[in-house]
Amino acid sequence: MAAAQGQLPDGDEAPVVFRQAVDALLGARPRPEVTLAPMPAPKRLAPYAYALEAEVAAEDEEELADGRLVLLHDPAAPAAWGGTFRVVTLARVELEPEMAADPLLPEVCWSWLTGALAARGADYTEAGGTVSRSSSHHFGALSDRADSTQIEVRASWTPVAGAAGVPDTAAHLAAWCELLCTGAGLPPAQGDGGSGSVVSLPNRRGPR
């Protein structure tokens, strides 16, 4: 698919390293099932921020997963970050109720992220996150709808910067997109080679 389009809100006032990191995001080309678009970035998390939203769709255009990624930059290097950049992400996907009942599901979902980062060579530190699941049961006029369970993965990590102080944000974006695709039940992209630490779950369905 085409690269994500957008404009850096801080323009030339943003630090060079942040502008370069955002340029790498805008130039990244994820697999064709993923649609990326810029979205308003939060203004209170860091002095500089850039955000993207994503949807994963099947060939019949049914939405399978969605999420958002925010790149933060603080030249002061907050102690909790361990660096001047931070990636904050959200990924959502709906599973069949029997799949969501698996007690190992949270560990499996977390492995989708860490496995994708490792496969893409996206070095990081200070990773943390949560895996949540919520079920919906329909009654009355909505009783004909099937029960559903949504899995939500929230995570953040510090991308390791290169020699010029700029992390390989394209690799981190690609890894996050692969997390969405894995959650949607899509096979690994050709040429990725897979990761032994990633376990796939079958029979997923897209959000209704």
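Residues numbered from 1 in each chain as written. Predicted model: local features only at pLDDT ≥ 70, side-chain atom pairs only at ≥ 80, totals over all residues. Heavy atoms only, no water.

You'll find the protein entered in an unreviewed UniProt entry as DUF3000 domain-containing protein, with Streptantibioticus silvisoli given as the organism.

A look at the overall build of the protein
A tally of regular secondary structure across the protein gives four helices and six strands. Counting from the amino terminus, helix and strand elements in the protein follow one another as α-β-β-β-β-α-α-β-β-α. A total of 208 residues make up the protein; the buried ones form 42% of that total. Sequence separation of at least 24 residues holds for 65% of the intrachain contacts in the protein that already meet a minimum separation of 6. Accessible surface computed for the protein: about 10,500 Å², of which carbon and sulfur atoms make up 51%. (Helix = DSSP H or I, 4+ residues; strand = E, 2+ residues; numbered from the N terminus. Buried < 20%, exposed > 50% of the residue type's maximum accessible area, 1.4 Å probe, protein only. Contact = heavy atoms within 4.5 Å. Areas by Shrake-Rupley, 256 points an atom, 1.4 Å probe, with all protein chains shown as cover.)

Observations regarding the environment of Ile-151
Tracing the sequence through the fold places Ile-151 in strand β6 (residues 148-159). Overall, the relative accessible area of 1% leaves Ile-151 in the buried class. In this structure, the C-alpha to C-alpha distance between Ile-151 and Ser-135, residues 16 residues apart in sequence, is 9.1 Å. Setting aside its immediate chain neighbours within four residues, Ile-151 contacts Ala-91, Arg-92, Val-93, Leu-95, Leu-105, Cys-109, Val-131, Ser-132 and Arg-133.

So, empty space enclosed by the protein
Taken as a whole, this structure holds one cavity of 30 Å³ or more when the rule is applied. In this structure, the largest cavity spans a volume of roughly 60 Å³. Taken together, Ala-65, Ala-91, Arg-92, Val-93, Trp-112, Ile-151, Val-153, Leu-179, Leu-180 and Gly-183 form the lining of the largest cavity. Contributions of two or more residues to the lining of the largest cavity are made by β4 (85-95), β6 and α4 (169-183). In the lining of the largest cavity, the residues fall into eight nonpolar, one polar and one charged. (1 Å grid on protein atoms, 1.4 Å probe; cavity = no way out; pocket = protein on both sides within 12 Å on 5 of 7 lines; lining within 4 Å. Points joined across faces, edges and corners; volume = space filled by probe spheres on them. Nonpolar A, V, L, I, M, F, W, Y, C, P; charged D, E, K, R; others polar.)

Notes on the sheet that holds strand β2 (residues 48-57)
Taking strand neighbours across the sheet as the criterion, the six strands line up as β1-β2-β3-β4-β6-β5 in an open arrangement whose pairing is antiparallel. Strands with a single pairing partner mark the edges of an open sheet, and in this sheet they are β1 (34-39) and β5 (124-136). Between one strand axis and the next, the sheet turns by 15° as a mean value, whatever way the strands run. Inspection of the sheet shows β1 paired to β2 by six bridges, in the antiparallel sense. (Pairing = 2+ DSSP bridges. Axes fitted to C-alpha atoms, helices over the stretch in contact; angles between N-to-C directions.)

Section: the state of the cysteines
Evaluation of the coordinates by the stated rule reveals zero disulfides. With no disulfide of its own, Cys-177 lies closest to Cys-181 among cysteine sulfurs, the gap being 6.7 Å. (Disulfide = S-S within 2.5 Å.)

Side note on the pattern of salt bridges
For the coordinates displayed, the defined rule picks out five salt bridges. A salt bridge links Arg-31 to Glu-33, with the nearest nitrogen and oxygen atoms 2.9 Å apart. Among the residues examined, Glu-33 registers a relative accessible area of 24% and is labelled partly exposed. Three or more residues joined by partner-sharing salt bridges are found here, namely Arg-31, Glu-33, Arg-120 and Glu-178. (Salt bridge = Lys/Arg side-chain N within 4 Å of Asp/Glu carboxyl O.)

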